[in-house]
Amino acid sequence: MWLRTWDAPREVAETVTQLVGELAANAAVHGRVPGRDFLITLHLTDDDRVLRIEATDTRAERLPTPPGQAPAPDEESGRGLLIVDTLADRWGVTDGPVPRKTVWAELDLAHQSTG
């Protein structure tokens, strides 16, 4: 909805959609606790110049590792954080409050809209 209201350029909307999908998939696969959900939030920071996408789950003990070497071409998984690292201007992890962690990715919108 926000992307339509903001009239985001197609490339920005596609990047945001991919980042949300990757962070949500990682939270569902690696941050899942039976009976608990994860939360995806998007918000603007820095005077609306930065879009921050956050995925919060309840597996604080399972921190993502920085992307290293790409998996073999026939591997079915292992590319999520490589994609996030490539598409986002920066990403990271924030601890807490216990038992939660938040994996986040940021896009500099001015940079994105000008190419």
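Our subject is the structure listed above.
Counting restarts for each chain, with residues numbered from 1 along the sequence as it is written. Owing to the predicted nature of the model, reporting of local features is limited to residues with pLDDT of at least 70; listing and counting of side-chain atom pairs is limited to 80 or more, with chain, interface and lining totals taken over all residues. Water and hydrogen atoms were dropped before computing side-chain values, which therefore reflect all heavy atoms in the structure.

Draft legend 1. Region of interest: the packing of helix 2 (residues 10-30) against helix 3 (residues 80-87). For helices, the axis comes from a line fit to the C-alpha atoms of the stretch in contact; other axes are also lines fit to C-alpha atoms, and the angle between any two N-to-C directions lies between 0 and 180 degrees. Only DSSP runs of H or I with at least four residues qualify as helices, and only runs of E with at least two residues qualify as strands; both kinds are numbered from the N terminus onward. Two elements in contact, helix 2 and helix 3, have axes whose closest approach is 9 Å; the angle formed by their N-to-C orientations is 150°. For the pair helix 2 and helix 3, the crossing hand works out as left-handed. Counting all contacts with helix 2, which are made through Thr15, Gln18, Leu19, Glu22, Leu23 and Asn26, the residues of helix 3 involved are Gly80, Leu81, Ile83, Val84 and Leu87. Residue type decides the class: Asp, Glu, Lys and Arg count as charged, Ala, Val, Leu, Ile, Met, Phe, Trp, Tyr, Cys and Pro as nonpolar, and the leftover types, Gly among them, as polar. Each residue belonging to the contact of helix 2 with helix 3 can be placed in one class, and the counts come to 6 nonpolar, 4 polar and 1 charged. Handedness of a crossing is defined here by the sense of rotation of the near helix relative to the far one, left-handed for an anticlockwise turn of less than a right angle and right-handed for a clockwise turn. By the convention used here, residues are in contact when the closest approach between their heavy atoms is within 4.5 Å.

Draft legend 2. Inspection of helix 3 at higher detail. Turning to helix 3, its buried residues are Gly80, Leu81 and Val84. Angular distribution of buried residues about the axis of helix 3 spans 90°; they occupy a single face of the element. Residues of helix 3 that are buried in the fold lie against helix 2, strand 3 (90-95) and strand 4 (101-108). Exposure categories follow from relative accessible area, calculated using a 1.4 Å probe and restricted to protein chains: below 20% of the type maximum is buried, above 50% is exposed, and the middle band is partly exposed. Think of it as the arc spanned by the lines of direction from the helix axis to the C-beta atoms.

Draft legend 3. Geometry of the pattern of salt bridges. For this document, the term salt bridge refers to a Lys or Arg side-chain nitrogen within 4 Å of an Asp or Glu carboxyl oxygen. One pass over the full model with this rule turns up 8 salt bridges. Its salt-bridge partner being aspartate 46, residue arginine 49 comes within 2.9 Å of it at the nearest N-O pair. With a relative accessible area of 45%, arginine 49 lands in the partly exposed category. For aspartate 46, a relative accessible area of 43% corresponds to the partly exposed category. A salt bridge links aspartate 108 to arginine 90, with the nearest nitrogen and oxygen atoms 2.5 Å apart. Here aspartate 108 is found in strand 4, whereas its partner arginine 90 is found in strand 3, with 18 residues between them in sequence. Exposure remark for aspartate 108: the relative accessible area of 23% places this residue in the partly exposed category. Using a relative accessible area of 32% as the deciding quantity, one classes arginine 90 as partly exposed. A single network of salt bridges, built from pairs that share partners, joins Arg52, Glu54, Arg90, Glu106 and Asp108.

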